[in-house]
Each structure stands twice: as C-alpha cells, then as structure tokens.
Amino acid sequence: MTSYFRHTLKDQTLWLSADRCLFWEDQQVLVVSDLHLGKTGHFRKAGIPVPQQLYVEDLQRLVSQLQYFRAGRLLIVGDLFHSHFNKELDLFRRWRDDFPALEIHLVKGNHDILQEDWYRASGIRTWEQELELGPFLFRHDLEAGAGESAQRKDVYLFSGHIHPGISLHGMGKQSLRFPCFYFTDQFCVLPAFGRFTGTYRVEPRRRENVFAIVENKILQVQ
C-alpha cells in the first residue's frame with residue numbers, strides 16, 4: 001500500500017506520495033515530473049526488448065494518484081514524453097480521452113520535443129520555461145534560470161530533470177540508492193515519476209530535508 005507524508009511549505013499543505021509525486025492540497029493539484037512516457041517504445045524501436053508493461057504500469061499509477069487525491073489539475077514539471085512520436089503516444093491519447101475534465105499543464109523539459117499542435121489536440125497546456133502558481137515556481141531544470149525569476153526570493157522553486165536519489169548505507173560497505181524528494185531552503189527537486197529511469201545521487205547539506213521512497217514507503221532520512 002502506498003504511503004504518504006504531510007509536508008508544510010510557505011503555509012501550503014503538500015502530500016508526498018511513495019508513488020513519486022506530490023499533491024498540493026490547497027490548489028487541488030497533483031504535481032509530477034519526468035514521466036518519460038514512450039521511453040520503452042523508443043528502446044524497442046532500437047531493438048532493445050523493453051516490456052511495454054512498464055509504460056502501462058506508470059499510467060495506472062498516475063490514474064491511481066489522480067483518483068486517490070481527487071485532483072482537478074495535473075501539473076507536469078517537464079519530460080512528459082521521452083522522444084519523438086511512437087505508438088505509446090497513441091495509448092496516452094486514449095488515456096487522456098478517459099479524463100476530459102482534467103486540466104493538464106506541462107512545463108516543457110528537454111525531452112518534450114513534440115509539435116505544439118499535438119499537445120493542443122491532447123488537451124495539454126504548455127509552458128515554455130516556467131509556471132508560477134501562488135508562492136511556488138515550477139521549472140524543469142533547476143540550473144536553467146529563466147530571466148529575472150532565477151534570482152527571486154519570494155517564490156519557492158520546484159524542479160525535476162536530475163531524477164534525485166539518496167544512498168542509504170547498511171552494514172560494512174553495503175549501500176542502496178533510492179529515489180527521493182530533495183528539499184532545500186530555496187528549491188525542491190522532485191523524483192522521476194517514471195520507473196524506467198535512473199537516479200542521480202544528491203548530497204544534502206545540514207538542515208536540508210530528504211524523503212526517500214523505499215518499498216512504497218516515505219522515509220525522512222534527513
């Protein structure tokens with residue numbers, strides 16, 4: 001069973017989910033990053049036999065979280081799709097048709113390279129660099145500053161892109177790396193929602209918060 005952790009930030013209530021997303025309760029928005037839909041199809045086109053079931057399971061998890069939180073909006077912080085068009089995008093379009101009332105906003109990431117008319121026909125509103133909602137700013141790449149907003153202190157930044165992971169150490173030299181939510185005083189890096197992704201090890205400093213996702217549980221490790 002998926003576990004959840006309540007986290008308060010700028011007087012806003014956020015629910016961190018072990019299904020690699022967060023729910024912004026005050027705005028009824030489900031926030032995800034780095035789904036990389038179509039990545040399994042991209043690999044299969046290259047002759048690498050990656051099972052499509054991985055893609056189907058990611059969509060099923062997304063549906064489960066939308067229904068659990070009764071979210072009215074879905075905000076994707078970049079890399080909704082992995083590459084150019086393949087058959088898995090047709091599956092996404094059929095999935096989208098099942099949720100016609102759901103607002104979908106996409107802050108484009110480096111992998112979101114489809115034509116704009118495809119997003120429009122799929123009922124997805126796109127944002128080229130960033131989106132500001134209330135006290136939060138959403139941008140795919142933390143390092144890709146977008147004009148004056150890069151220096152702003154009045155908003156808290158959410159990003160994705162690097163697929164953060166934290167190494168947990170056991171006896172001796174044993175260690176395992178797990179996806180995580182990485183919070184600092186100024187920004188949060190979200191875990192990659194897609195399971196067919198790697199992780200980049202983050203090294204948190206003192207007073208920074210890390211919530212690891214371990215076997216469908218949220219563990220605060222710092």
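Figured I'd write up the structure that's included with this text. Position labels on residues start from 1 in each chain and follow its written sequence. Reporting in this predicted model follows two pLDDT cut-offs: at least 70 for local features of residues, and 80 or more for side-chain atom pairs to be given and counted; totals over whole chains, interfaces and linings ignore these cut-offs and use all residues. Side-chain descriptors were evaluated using all non-hydrogen atoms of the structure, hydrogens and water having been removed beforehand.

## Examining the overall build of the protein chain
Next up, step 1: For helices the rule is a DSSP run of H or I covering at least 4 residues; for strands it is a run of E covering at least 2, with both sets numbered from the N terminus onward. If you tally the helices and strands in the protein chain, you get 4 helices and 16 strands.
Next up, step 2: Residue burial is assigned from relative accessible area. The probe radius is 1.4 Å, only protein chains are included, and a residue is buried under 20% of its type maximum, exposed over 50%, and partly exposed in between. The buried share among the 222 residues of the protein chain stands at 51%.
Next up, step 3: Two residues qualify as a contact provided that any one of their heavy atoms is within 4.5 Å of a heavy atom in the partner residue. Within the protein chain, counting contacts between residues at least 6 apart in sequence, those at least 24 apart form 63% of the total.
Next up, step 4: Note on areas: Shrake-Rupley, 1.4 Å probe, and residue coverage restricted to the protein chains presented here. Here the protein chain has roughly 11500 Å² of accessible surface; of this, 49% comes from carbon and sulfur atoms.

## Some words on the sheet that holds strand β1 (residues 4-9)
Next up, step 1: What makes two strands pair is DSSP finding at least two bridges between them. As summarised here, the arrangement of the 7 strands in space is β1-β2-β3-β4-β5-β6-β7, forming an open sheet in which the pairing is mixed. At either margin of the open sheet sits one strand with a lone partner, and together these are β1 and β7 (124-127). If you compare each strand with its neighbour and ignore which way they point, the axes differ by 25° on average. In this description, a line fitted to the C-alpha atoms serves as the axis of each element, helices being fitted only across the stretch in contact, and the angle between N-to-C directions of two axes falls anywhere from 0 to 180 degrees.

## Let's talk about the side chain of Asp-112
Next up, step 1: With respect to the secondary-structure elements, Asp-112 resides in the loop between β6 (103-107) and α4 (116-121).
Next up, step 2: For the buried Asp-112, no salt bridge is present, and the opposite-charge side chain at shortest range is Lys-108, 7.8 Å distant.
Next up, step 3: Polar contacts, as used here, are pairs of N or O atoms within 3.5 Å; protein pairs need one atom able to donate a hydrogen and one able to accept it. Residues neighboring in sequence count only if both atoms are side-chain atoms. Polar contacts involving the side chain of Asp-112 include one to the main-chain amide nitrogen of Leu-80, which spans 2.9 Å.
Next up, step 4: There is a polar contact of 3.2 Å between the side chain of Asp-112 and the backbone nitrogen of Phe-81. Only four residue types enter the tally: Lys and Arg on the positive side, Asp and Glu on the negative side, with His and both chain ends excluded. By definition here, a salt bridge exists when the distance from a side-chain nitrogen of Lys or Arg to a carboxyl oxygen of Asp or Glu is within 4 Å.

## Structural notes on the side chain of Asp-79
Next up, step 1: Note that Asp-79 resides in the loop between β5 (73-76) and α3 (87-97).
Next up, step 2: Given a relative accessible area of 1%, Asp-79 falls into the buried group.
Next up, step 3: Only 3.3 Å separates the side chain of Asp-79 from the backbone nitrogen of Asn-110, close enough to count as a polar contact.
Next up, step 4: With near-sequence residues (within four places) excluded, Asp-79 lies in contact with Asp-34, Leu-35, His-36, Gly-109, Asn-110, His-111, Asp-112 and His-140.

## Structural notes on α3
Next up, step 1: Of all the positions in α3, only Glu-88, Leu-89, Phe-92, Trp-95 and Arg-96 are classed as buried. For α3, the buried positions fall inside an angular range of 110° around the axis, keeping them on one side. For α3, the exposed residues lying more than 90 degrees away from the buried face are Lys-87, Arg-94 and Asp-97. In this description, one arc is meant: the one made by directions from the helix axis to the C-beta atoms.

## Some points on the pattern of salt bridges
Once their charged atoms are close, side chains differing in charge can pair, the charge on each being opposite to the other.
Next up, step 1: Enumeration according to the criterion identifies 7 salt bridges in this entry.
Next up, step 2: Linking Asp-19 and Arg-195 is a salt bridge whose minimum nitrogen-to-oxygen distance equals 3.5 Å. In this pair, Asp-19 is assigned in the loop between β2 (12-17) and β3 (21-24) and Arg-195 in the loop between β13 (187-189) and β14 (200-201), connecting sequence segments 176 residues apart.
Next up, step 3: Between Arg-201 and Glu-203 there is a salt bridge whose closest N-O contact spans 3.0 Å.
Next up, step 4: Its relative accessible area of 38% is what places Arg-201 among the partly exposed residues.
Next up, step 5: Three or more residues joined by partner-sharing salt bridges are found here, namely Asp-19, Asp-58, Arg-61 and Arg-195.

## Structural notes on the packing of aromatic side chains
Next up, step 1: Pairing of aromatic rings covers Phe, Tyr and the six-membered ring of Trp, with a centre-to-centre limit of 6.5 Å; geometry is then stacked below 30 degrees between planes, edge-to-face above 60, and tilted otherwise. According to the stated counting rule, one finds 21 aromatic pairs in the structure shown.
Next up, step 2: For the ring pair Trp-95 and Phe-99, a centre distance of 5.2 Å and an interplane angle of 40° mean the geometry is tilted.
Next up, step 3: For Phe-99, a relative accessible area of 21% corresponds to the partly exposed category.
Next up, step 4: Seen in terms of ring centroids, Phe-136 and Phe-158 are 5.1 Å apart; in terms of plane orientation they differ by 80°. Their pairing is edge-to-face. Of this pair, Phe-136 sits in strand β9 (residues 136-139) while Phe-158 sits in strand β10 (residues 156-159), placing them 22 residues apart in sequence. Accessibility assignment for this pair places Phe-136 and Phe-158 in one class, buried.
Next up, step 5: Taken together, the ring pairs connect Phe-81, Phe-92, Trp-95, Phe-99, Trp-118 and Tyr-119 into an aromatic cluster.
Next up, step 6: To sit over a ring, a charge needs its Lys NZ or Arg CZ within 6 Å of the ring centre and within 35 degrees of the ring normal. Over the face of the ring belonging to Trp-118 we find Arg-93, whose NZ or CZ atom lies 4.7 Å from the ring centre.

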